[in-house]
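Listed below are the residues making up each chain.
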Amino acid sequence: MPYDAQLNFIFWSPTKVVFGENTALDVAIEVENLKCKKALIVTDKELILSTDLPDRIRKTLGNLCAGIFSDVEPDSGIHIVNQGAKFGVARGADCLVSVGGGSAIDTAKGMAVVMKEGGRLQDYAGFQVLTRPQTPHITIPTTAGTGSEATYIAVIKDHQKGRKLLFGDYNILPNVAILDPRMTEGLPSRLTAATGMDAMCHAIEALYSLQREPIADGLALHAIRLIKEFLPTAVENGQDMTARGQMLLAANMAGSAFSNAQVGLVHALAHSVGAVFGVHHGLANSILLPACLRYNADACGDVCLNILSALGMGTGGIQAGEAGEILADKIAEFTKKLGLPQRLRDVGVPEAGLQECSELALSDGAIVYNPKFISESAEALKVYQEAW
Ligand SMILES: [Fe+2]
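The model shown is predicted, which means the values in this text are computed figures rather than measured ones. (Residues numbered from 1 in each chain as written. Predicted model: local features only at pLDDT ≥ 70, side-chain atom pairs only at ≥ 80, totals over all residues. Heavy atoms only, no water.)

Considerations on the coordination of the iron ion
And then number 1: Around the iron ion, the protein contributes the donor atoms Asp 198 (OD), His 202 (NE2), His 267 (NE2) and His 281 (NE2), at 2.1 to 2.2 Å from the metal centre.
And then number 2: All donors of the iron ion belong to a single chain; written as a sequence motif, their spacing is D-x3-H-x64-H-x13-H. Placement of His 202 in helix H6 (residues 189-208) and of His 281 in helix H10 (residues 281-296) is noted, with a sequence separation of 79 residues between them.
And then number 3: By relative accessible area, which is 2% here, His 202 ends up buried. (Donors = N, O, S within 2.8 Å, 3.2 Å for Na, K, Ca; no water. Helix = DSSP H or I, 4+ residues; strand = E, 2+ residues; numbered from the N terminus. Buried < 20%, exposed > 50% of the residue type's maximum accessible area, 1.4 Å probe, protein only.)

Side note on the packing of aromatic side chains
And then number 1: Per the stated rule, a full pass over the model turns up three aromatic pairs.
And then number 2: Aromatic side chains Tyr 152 and Tyr 170 sit 5.2 Å apart centroid to centroid with 40° between the ring planes, which places their arrangement in the tilted category. Linking Tyr 152 in the loop between strand E6 (137-141) and strand E7 (153-158) with Tyr 170 in the loop between strand E8 (163-168) and strand E9 (176-179), this pair joins segments that are 18 residues apart in sequence.
And then number 3: According to the relative accessible area criterion, Tyr 152 is buried, its value standing at 9%.
And then number 4: For Tyr 170, a relative accessible area of 31% gives the class partly exposed.
And then number 5: Members of the aromatic cluster, joined through ring pairs, are Trp 12, Tyr 152 and Tyr 170.
And then number 6: Sitting above the plane of the Trp 388 ring, Arg 345 keeps its charged end 5.2 Å from the centroid.
And then number 7: When the ring centre of Tyr 295 is taken as origin, the NZ or CZ atom of Lys 372, which lies over that ring, is 4.4 Å away. (Phe/Tyr/Trp six-rings, centres within 6.5 Å; stacked < 30°, edge-to-face > 60°. Lys NZ or Arg CZ within 6 Å of the ring centre and 35° of its normal.)

Description of the pairing of E9
And then number 1: Residue alternation in E9 divides its side chains into two sets, Val 176 and Ile 178 and Ala 177 and Leu 179, and both sets are buried.
And then number 2: Sheet topology places strand E1 (residues 16-19) next to E9; four bridges connect them, and they run parallel. Residue pairing across strands places Val 18 opposite Ile 178, the latter belonging to E9.
And then number 3: In this structure, E6 lies alongside E9, joined through two bridges in parallel fashion. Within the sheet, the bridge partner assigned to Thr 139 lies in E9 and is Ala 177. (Pairing = 2+ DSSP bridges.)

What to know about the sheet that holds strand E5 (residues 126-127)
And then number 1: The strand order E5-E8-E7 describes an open sheet built from three strands, whose pairing is mixed. Where the open sheet ends on each side, the last strands, each with one partner, are E5 and E7.
And then number 2: The strands touched by helix H9 (residues 265-277) within the sheet are E7 and E8, with E8 carrying the most contacts at an inclination of about 130°. (Contact = heavy atoms within 4.5 Å. Axes fitted to C-alpha atoms, helices over the stretch in contact; angles between N-to-C directions.)

Observations regarding the environment of Asp 55
And then number 1: Relative to the assigned elements, Asp 55 resides in helix H3 (residues 53-61).
And then number 2: In this structure Asp 55 comes out as partly exposed when scored by relative accessible area, which is 28%.
And then number 3: The spacing of Asp 55 and Ile 41 is 14 residues in sequence and 9.5 Å in space, taken between C-alpha atoms.

A word on the environment of Gly 101
And then number 1: Checked against the element boundaries, Gly 101 lands in the loop between strand E4 (95-100) and helix H5 (102-117).
And then number 2: As for Gly 101 and Asn 370, which are separated by 269 residues in sequence, their C-alpha atoms are 26 Å apart.
And then number 3: Leaving out residues up to four positions away in the same chain, Gly 101 has contacts with Thr 142 and Thr 143.

As for the pattern of salt bridges
And then number 1: The final tally for this structure, using the stated rule, is 16 salt bridges.
And then number 2: Salt-bridge contacts for Glu 21 lead to Arg 182; the nearest nitrogen and oxygen are separated by 2.7 Å. Placement of the pair is Glu 21 in the loop between E1 and helix H1 (27-33) and Arg 182 in the loop between E9 and H6, with a sequence separation of 161 residues.
And then number 3: Across the pair Arg 56 and Asp 52 runs a salt bridge, and its minimum N-O distance is 3.1 Å.
And then number 4: For Arg 56, a relative accessible area of 29% corresponds to the partly exposed category.
And then number 5: The class of Asp 52 is partly exposed, set by a relative accessible area of 42%.
And then number 6: One continuous salt-bridge network, built from bridges that share partners, spans Arg 294, Glu 325, Asp 329 and Glu 386. (Salt bridge = Lys/Arg side-chain N within 4 Å of Asp/Glu carboxyl O.)

Focus: the packing of H6 against H10
And then number 1: Look at H6 against H10: their axes get within 7 Å of each other, and the N-to-C directions meet at 35°. The element H6 and its partner H10 pack so that their crossing is left-handed. Within the contact between the two elements, H6 uses Arg 190, Ala 194, Met 197, Asp 198, Met 200, Cys 201, His 202, Ile 204 and Tyr 208 and H10 uses His 281, Gly 282, Leu 283, Asn 285, Ser 286, Leu 289, Leu 293 and Asn 296.
And then number 2: For the contact of H6 with H10, the class distribution of residues is nine nonpolar, six polar and two charged. (Left-handed = near helix turned anticlockwise from the far one by under 90°. Nonpolar A, V, L, I, M, F, W, Y, C, P; charged D, E, K, R; others polar.)

Thoughts on the sheet that holds E4
And then number 1: Taken in spatial order, the six strands make up an open sheet running E1-E9-E6-E4-E2-E3, and their pairing is parallel. Edge positions in the open sheet fall to E1 and strand E3 (65-69), since each of these has one partner strand only. For this sheet, the mean inter-axis angle between neighbouring strands, taken without regard to orientation, is 20°.
And then number 2: Direction of pairing for strand E2 (residues 39-42) relative to E3: parallel, over a ladder of four bridges. Bridge assignment links Leu 40 to a residue of E3, and that residue is Gly 67.
And then number 3: Running over the sheet, H3 touches E2, E3, E4 and E6 and is turned about 175° from E2.
And then number 4: Those strands touched by helix H4 (residues 78-90) are E2 and E3, and its axis lies near 155° from that of E3.

A look at the side chain of Thr 151
And then number 1: Looking at the secondary structure, you find Thr 151 in the loop between E6 and E7.
And then number 2: Setting aside residues up to four positions removed in sequence, Thr 151 forms contacts with Lys 109, Leu 173, Pro 174, Gly 255, Phe 258 and Ser 259.

Structure (structure tokens):
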């Protein structure tokens, strides 16, 4: 669909991408390129216990390693960020190397701020609060989905208040993303599928966002093609380095797309069931996507036609008005084949909790970019109920 001739937009994606098998072993070169001397590895205990990935990075860093901070939790927490920053300062770290999924990367984004500016992370909540570059940060994703290595957003949970806070600032964009498929080969198939669907949601929501723009469109459409082609293989055979690598690229492109174009209703609803009931982010997105597509169908039919094409479907004869419904069915079929749960009730969300989530979703930053304006929690509730 052509854009208005008056369109103005900014596309911002300065993160250096290093791609390829075993490129994580070159992390020391990237630390030196950043003129840093001591790198703190930020990761989680699970990764340390079940894989040798953080240790591989520690060994390859050698004398450049300032230590490992491994207290990252599944949902990055404010208190962990503040503790990690203290640890980094005490170790004399002048840069961060996050090794993990979105939580490790987001925790490190927060730590980068507190290590540079002092104080507590809470002091910097909001959008474009920072005025200068933060502690240099190299990311090594071990999942392919969040795209957090390419975004200026960190989602950090306030565990006391049971809600997720958004931090958005160009100054927290990581300096380098090392996309090494070897770093994702041990990811279990269900997590591969769920995180891959997070990337799919980033791409789809970026395409129909109110802030959509042509460069992000190109990245998002190609990400969808790659996810359609390579996610099933990555789920079936985690050792397939081609599929793993292409999924890392897809997640990165979708991340860059939504960092610029934003996401919408799917993410607003997923953040809320994640905050209240601890549902895994990718899983929540995957379950909510079809219901949100049906809700948005009358506002983004042309875009849905483009998405169907990217999914390899012939669109001749499909009217824009019916494309959203067809796309919703297609996505549900895709996630079913990946073995993912289809309903919110399958992932521990009680029906009685949907009202609270609906109210919370209305205050989520993502909802304002949804192609359809939502001002009543009753509308969010309707979508939740359809997905329940
Ligand atoms: Fe996401």
